[in-house]
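Observations on the three-dimensional arrangement
The lines below spell out each chain.
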Amino acid sequence: MLNLLLFGPPGSGKGTQSELLAEHYGLEHISTGDLLREEVAKGTELSQDIEALISVGKLVPDHLILDLLFKHINQMDGKKGLILDGFPRTYHQAEELVKEFNARQWPIPLLVALDVEEEELLERLLERGKVSGRSDDHEETIRGRFKVYHEQSEPVIQFFKESHSPMIEIDGVGAIDEVTANLIRGIDQFIKESNN
Ligand code: ATP
Ligand code: MG
């Protein structure tokens, strides 16, 4: 069973690359951003609170996303590996993820960090904002999301270092298929090493 975590700043291509990797390795793709947007679309009690946070670029509370994610995972059938896109996004989420995987006796997931500089990210997200219709794809909120990423999400890397968990960093700049090829090369290397 192969489990991957696609990590990186907003606009680094997590969604796009996750779908391609899910296809390549036969994994189940779960985007926590999509799970939340589905929740908002359902118009449940939580919808307004979630949308209020997303639209200003803040993270939703850890307990909420953990609950939503593991409910979703429990409903899935089969023992395909997972590719999580946008999770973990805080130190605490990383801790809980590892606990949960250990409890299920699943292999520790590989953290795959996409590296893209901020200027390029801003450009991509402004471009995406023209068509995405997403409340968080405009300049003010994008800047806020970068800040949240540095303050709350980058510590995830720290957690993986401290706990000696597997992690690779991949250059996320270039054509989509070039980045995919780099990702596959890095992940295949990890698979090879873990089989030795
Ligand atoms: P990308 O463009 O690389 O796909 P993104 O940062 O633009 O990533 P999503 O992953 O779709 O966007 O997340 C959108 C919003 O959903 C976040 O800004 C945050 O408010 C919320 N969110 C998503 N995942 C989490 C999480 N794991 N914990 C808390 N909030 C989350
Ligand atoms: Mg996304």
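Our structure's up above, just so we're on the same page.
Predicted model, so just to flag it, every value in this text is computed and none were measured. Sequence order as written defines residue numbering, which begins from 1 separately in each chain. Both sets of labels track the order of writing: A upward for chains, 1 upward for ligands. With pLDDT at 70 or above as the cut-off, local features in this predicted model cover only qualifying residues; side-chain atom pairs require 80 or more to be listed or tallied, and sums for whole chains, interfaces and linings still use all residues. With hydrogens and water excluded, all non-hydrogen atoms of the structure serve as input to the side-chain values.

**Remarks on the pairing of strand β4 (residues 110-115)**
With five of its six residues buried, β4 lies for the most part within the structure. Bridge analysis of strand β1 (residues 4-7) against β4 gives four bridges, and the strand direction is parallel. Within β4, the position partnered with L6 by the bridge is V112. For the exposure calls, accessible area comes from a 1.4 Å probe over protein chains only, and a residue counts as buried if that area is under 20% of its type's maximum, exposed if over 50%, partly exposed in between. Comment: elements are numbered from the N terminus, with helices defined as DSSP H or I runs of at least four residues and strands as E runs of at least two. By this definition, two strands are paired if DSSP reports at least two bridges between them.

**Quick look at the sheet that holds strand β2 (residues 28-31)**
Strand order in the open sheet formed by five strands is β2-β3-β1-β4-β5, with parallel pairing between adjacent strands. Unpaired on one side and paired on the other, β2 and β5 (167-171) mark the two borders of the sheet. On average, each strand axis in the sheet is inclined to that of its neighbour by 20°, with strand direction left out of account. Along the sheet, helix α2 (residues 32-42) contacts β2 and β3 (82-85); its crossing angle with β2, the most-contacted strand, is approximately 60°. Whenever a helix is involved, its axis is fitted only over the stretch in contact; in every case the axis is a line through C-alpha atoms, and angles between N-to-C directions fall within 0 to 180 degrees. For this analysis, residues touch if any pair of their heavy atoms sits within 4.5 Å.

**Remarks on the packing of aromatic side chains**
What describes a pair of aromatic rings is the distance from one ring centre to the other and the angle between the planes of the rings. Each Phe, Tyr or Trp ring (for Trp, its six-membered ring) is paired with any other whose centre lies within 6.5 Å, and the angle between the two planes then decides the class: stacked below 30 degrees, edge-to-face above 60, tilted in between. Tallying each qualifying case throughout the model produces four aromatic pairs. Consider the rings of F101 and W106, whose centres lie 5.1 Å apart with planes at 85°: the pair is edge-to-face. Classification of W106 by relative accessible area gives buried; the value is 17%. For the pair F159 and F160, a centre-to-centre distance of 5.8 Å together with 75° between the ring planes defines the contact as edge-to-face. Grouped by ring-pair contacts, the aromatic residues Y91, F159 and F160 constitute a single cluster. Looking at R104, its charged tip hangs above the ring of W106, at a distance of 5.2 Å from the centre. The criterion is that NZ of a Lys, or CZ of an Arg, lies within 6 Å of the ring centre and within 35 degrees of the ring normal, and then a charge sits over that ring.

**Topic: unusual backbone geometry**
Backbone geometry follows two general trends: most residues other than glycine have a negative phi, and most peptide bonds adopt the trans configuration. Residue P88 follows F87 across a cis peptide bond; omega there is 0°. Positionally, P88 belongs in the loop between β3 and α5 (91-103). Phi is positive for Q105, close to 55°, though the residue is something other than glycine. Residue classification places Q105 among the exposed positions, given a relative accessible area of 75%.

**What about the pattern of salt bridges?**
Any Lys or Arg side-chain nitrogen located within 4 Å of an Asp or Glu carboxyl oxygen qualifies as a salt bridge. For the structure on display, the rule yields 13 salt bridges. Among the ionic pairs, R124 bridges to E120, the shortest N-O distance being 2.9 Å. Note that R124 and E120 are positioned in helix α6 (residues 118-132) at a spacing of four residues, about one turn of the helix. Among the residues examined, E120 registers a relative accessible area of 27% and is labelled partly exposed. Across the pair R145 and D136 runs a salt bridge whose closest N-O atoms are separated by 3.8 Å. The exposure classification of R145 matches that of D136, with both residues buried. Connected via shared salt-bridge partners are R128, R134, D136, D137 and R145.

**Considerations on helix α4 (residues 62-75)**
Given the number of residues in a helix, its expected span is that number minus one, multiplied by 1.5 Å. Along its 14 residues, α4 runs 20 Å from first to last C-alpha, staying within 8% of the 20 Å computed at 1.5 Å per residue. When α4 is considered as a whole, its buried residues turn out to be L64, I65, L66, L68, L69, F70 and I73. On the buried face of α4, the contacting elements are β2, α2, α3 (47-55), β3 and α5.

**Points about the site of ligand 1**
Residues in close proximity to ligand 1 total 24 residues, the closest being K14, K58, R89, R128 and R145. Pairs of N or O atoms are called polar contacts if they sit within 3.5 Å, as long as, within protein, a hydrogen donor faces a hydrogen acceptor (for residues adjacent in sequence, only side-chain-to-side-chain pairs). In this structure, K58 approaches ligand 1 through a main-chain N or O atom, which is 2.5 Å from an oxygen atom. Taking R134, its side chain carries an N or O atom lying 3.1 Å from an oxygen atom of ligand 1. Working definition of accessibility: Shrake-Rupley area with a 1.4 Å probe, residue cover restricted to the visible protein chains. Burial of ligand 1 by the surrounding chains reaches 97%, relative to a free accessible area of 630 Å². When residues of the shell around ligand 1 are traced back to their parent elements, those giving at least two are α1 (14-25) and α2. No other element matches α2, which puts four residues into the shell around ligand 1. Ten residues, namely Ala, Val, Leu, Ile, Met, Phe, Trp, Tyr, Cys and Pro, are considered nonpolar, four, namely Asp, Glu, Lys and Arg, are considered charged, and the remaining ones, Gly among them, are considered polar. Broken down by class, the residue content of the shell around ligand 1 amounts to eight nonpolar, eight polar and eight charged. Whether a residue is near a molecule or strand depends on its heavy atoms: it is near if one of them lies within 4 Å of it.

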